[in-house]
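Observations on the model geometry
Given next are the chains, with one letter for each unit.
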Amino acid sequence: MSKLVTMTPTRSQTGDYGRAMAHVPVQVDEATAKKLEKSKHWVRGLTPQAKAAQEAVEQRKAGEAARAAEATKAEAEKLTVEAAKKKAAN
């Protein structure tokens, strides 16, 4: 089995590798990667636009995780306060 390589097209294309959107990385075998590198519309690895998109997604996920953790903490505090009120009322 040949080694898979990450390639990123600089424009949308269709070929032996399937359909590829601009600046969206795809995994192809080494032989296909060598063919694609000969064209001027493919980059081995990630283009700057693809790197920026990945970083934006990672930042969004981190922000969502932080908001979810904060919401969970706030909900736990709310339940603790309600439990304390019920205990004090009894």
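Our subject is the structure listed above.
Report on the accompanying structure. (Residues numbered from 1 in each chain as written. Predicted model: local features only at pLDDT ≥ 70, side-chain atom pairs only at ≥ 80, totals over all residues. Heavy atoms only, no water.)

**Some thoughts on the pattern of salt bridges**
Here the structure, examined in full by the defined rule, presents 3 salt bridges. For Glu30, the salt bridge identified is with Arg44, shortest N-O distance 3.2 Å. Here the residue Glu30 occupies a position in helix α1 (residues 30-38), and Arg44 occupies one in strand β5 (residues 42-44), the gap between them amounting to 14 residues. Arg44 is the partner of Glu37 in a salt bridge, and the nearest nitrogen-oxygen pair spans 2.9 Å. Beyond isolated ion pairs, a larger network of salt bridges with shared partners links Glu30, Glu37 and Arg44. (Salt bridge = Lys/Arg side-chain N within 4 Å of Asp/Glu carboxyl O. Helix = DSSP H or I, 4+ residues; strand = E, 2+ residues; numbered from the N terminus.)

**Details of the nonpolar core**
The nonpolar side chains of a soluble globular protein tend to be buried, and buried together. Formed by Val5, Met7, Ala20, Val28, Ala33, Leu36 and Trp42, the largest nonpolar core amounts to 7 residues. Ignoring anything within four residues of it in the chain, the contact list for Trp42 reads Met7, Thr8, Pro9, Thr10, Gln13, Tyr17, Ala20, Val26 and Leu36. (Core = buried A, V, L, I, M, F, W, Y, C linked by side-chain atoms within 4.5 Å. Buried < 20%, exposed > 50% of the residue type's maximum accessible area, 1.4 Å probe, protein only. Contact = heavy atoms within 4.5 Å.)

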